[in-house]
Amino acid sequence: KIFTMGTCCCAAATASRGTSQDQINDANISKHMKSEHEIHAHHIILLGAGDSGKTTLLKQMRKIYGATDKMPGAEQQMIREAVIGYMRVLCTQSVDLNVAIDEKNEEHRNFFINELSPSYAEDFNVETVARMKALWSDHGIQETYERRREYQLADNVDYFFDGRLDDIASKNYEVSFDDFVRVRVRTTGFVSEKFHKTVKEEIHEFVFTDVGGQRSERSKWMNMVHEDIDVVLYVVAISEYDLVCFEDGTTKRLDEALNLFQKVMEHGFCTGKTVTLFFNKFDLFEEKLKDPNAQTIDKFYDDFPADKDPRNVDDVVEYIYDRFLAVYTNVLPENTNAPHCHRTTAVQTEQIDILMTDIEGDLVRGRLLTVGF
């Protein structure tokens, strides 16, 4: 509609240029045509504590917008180093936890603890894969893995050890998106990526900014300019209510997420913005509540309601959401718009695509309403 009107006006102006009124009309038309091709930017920031899944969401946006057709070669080395690092953690922790392993695997365990090259990727070969397979099958390493809440270990370790080792060791290995999205990479500082979409002949640019959630990284972005931010996506690893932060080994990760939420609100990130909570790693959360050996949230938080079931998904979600809502209303008591909340599993592309499409759609509709659509 707009493009047709602009074309007609431009043709009329070309035919009658010369008078002062024509020049005024021509200037107005040029301004109108420029506005038609203007890129409308929408800024979305991903906030949250370390290891909550923010970077995984950004990886998904790259795939959704077709930016991951070919993984860069550097990702191969990163994944190989990460997988060997996972086994090293398991071996080291099996010693620290006094977990016995089969005698035949002692030499393998010693290799990962004491004999790795400075660059782990150099050791990723057929022999090392055989070592990892033997250890992963060992009852002691499996016990150590089951006790992972007692130390720091990345998610998705089982994904790599259960079926990806041979492919990753291959000389012809090409990083799959499933590998890429599941490997843990810490964000330092902050990084922004832009994606474009055309709606009703208008170009919309969605700028996603991912920030480092670890304590050592927060000073790099906490005071950044945030007036242009339209949406705050605050990501919480809801499955980690029973884990502690790697920074000090004592602070509960849920407390860390709540404390950081309060700090970003006090710094103005959420003032006048649409705030959405992503309760992420929801698949792991549901698995944990079903596991009879896993501790429930009431063991860590005395104020969990006595009339609620700590193994009921909805009851626990409601409790955690109320904790964040209390922080939100305490900092912004006059704001009547409560944060939205979504249950997310960031490694599931289809789910994230639907959620992000809804969020982007809201931003586009807001823009269209301002111009009379």
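Residues numbered from 1 in each chain as written. Predicted model: local features only at pLDDT ≥ 70, side-chain atom pairs only at ≥ 80, totals over all residues. Heavy atoms only, no water.

1. Re a negative patch on the surface
Next, step 1: Where like charges cluster on the molecular surface, the negative patch consists of Asp-158, Asp-162, Glu-286 and Glu-287.
Next, step 2: Turning to its location among the elements, Asp-162 is positioned in helix 8 (residues 157-163). (Patch = residues over 30% accessible without salt bridge, like charges linked within 9 Å, V, L, I, M, F, W, Y side chains within 5 Å. Areas by Shrake-Rupley, 256 points an atom, 1.4 Å probe, with all protein chains shown as cover. Salt bridge = Lys/Arg side-chain N within 4 Å of Asp/Glu carboxyl O. Lys, Arg positive; Asp, Glu negative; His and termini not counted. Charge placed at Lys NZ, Arg CZ, Asp CG, Glu CD. Helix = DSSP H or I, 4+ residues; strand = E, 2+ residues; numbered from the N terminus.)

2. Details of the confidence of the model for the protein
Next, step 1: Summary statistics for the protein give a mean pLDDT of 84 and a share of 86% for residues scoring 70 or more.
Next, step 2: Note on residues 1-18: pLDDT under 50 across the span, and 17 contacts to partners over four residues away in sequence or across chains.
Next, step 3: Confidence drops under a pLDDT of 50 for residues 25-35, and excluding neighbours within four residues, the segment shows eight contacts in the predicted structure. (pLDDT = per-residue confidence, 0-100. Contact = heavy atoms within 4.5 Å.)

3. Things to note about the environment of Arg-149
Next, step 1: Along the chain, Arg-149 turns up in the loop between helix 7 (139-146) and helix 8.
Next, step 2: Spatially, the C-alpha atoms of Arg-149 and Leu-243 are 5.9 Å apart, while their sequence positions differ by 94 residues.
Next, step 3: Excluding anything up to four places from it in sequence, Arg-149 contacts Asp-242, Leu-243, Gln-295 and Phe-300.
Next, step 4: Separated by 2.7 Å, the side chain of Arg-149 and the backbone oxygen of Asp-242 make a polar contact. (Polar contact = N/O pair within 3.5 Å; in protein donor to acceptor, adjacent residues only side chain to side chain.)

4. Some details on the pattern of salt bridges
Next, step 1: One pass over the full model with this rule turns up 24 salt bridges.
Next, step 2: Among the ionic pairs, Arg-253 bridges to Asp-51, the shortest N-O distance being 3.2 Å. Of this pair, Arg-253 sits in helix 12 (residues 253-266) while Asp-51 sits in the loop between strand 1 (39-47) and helix 3 (54-64); the two residues are 202 residues apart in sequence, bridging distant segments of the chain. Accessibility classification places Arg-253 together with Asp-51 in one group, the buried group.
Next, step 3: Of the charged contacts in the structure, one is a salt bridge between Glu-318 and Lys-308, with a shortest N-O distance of 3.7 Å. Residue Glu-318 is located in helix 14 (residues 313-331), and its partner Lys-308 is located in the loop between helix 13 (282-290) and helix 14; the two are separated by ten residues in the primary sequence.
Next, step 4: Given a relative accessible area of 39%, Glu-318 falls into the partly exposed group. (Buried < 20%, exposed > 50% of the residue type's maximum accessible area, 1.4 Å probe, protein only.)

5. Overview of the packing of helix 13 against helix 14
Next, step 1: At their nearest, the axes of helix 13 and helix 14 sit 11 Å apart, and the two run at 120 degrees to each other. Accordingly, the angle class assigned to the pair helix 13 and helix 14 is oblique. Every pair of crossing elements has a handedness; the one defined by helix 13 and helix 14 is right-handed. Note on element contacts: helix 14 touches helix 13 through Val-313, Val-316 and Val-317, opposite Phe-282, Phe-285, Glu-286 and Leu-289.
Next, step 2: Here the residues of the contact of helix 13 with helix 14 sort into six nonpolar, no polar and one charged. (Axes fitted to C-alpha atoms, helices over the stretch in contact; angles between N-to-C directions. Parallel < 35°, antiparallel > 145°, perpendicular 65-115°, else oblique. Left-handed = near helix turned anticlockwise from the far one by under 90°. Nonpolar A, V, L, I, M, F, W, Y, C, P; charged D, E, K, R; others polar.)

6. Quick look at the pairing of strand 5 (residues 274-280)
Next, step 1: Of all seven residues that make up strand 5, six are buried, and the element is covered over most of its length.
Next, step 2: Bridge count for strand 4 (residues 229-237) against strand 5 is seven bridges, and the pairing is parallel. Within strand 5, the residue paired with Val-231 across the bridge is Thr-274.
Next, step 3: Between strand 4 and its parallel partner strand 5, the chain crosses via helix 12, and the hand of that crossover is right-handed.
Next, step 4: Taken together, the four bridges between strand 5 and strand 6 (residues 340-343) define a ladder with parallel strand orientation. Within the sheet, the bridge partner assigned to Thr-276 lies in strand 6 and is His-340. (Pairing = 2+ DSSP bridges. Right-handed = clockwise from strand over helix to strand, strands pointing away.)

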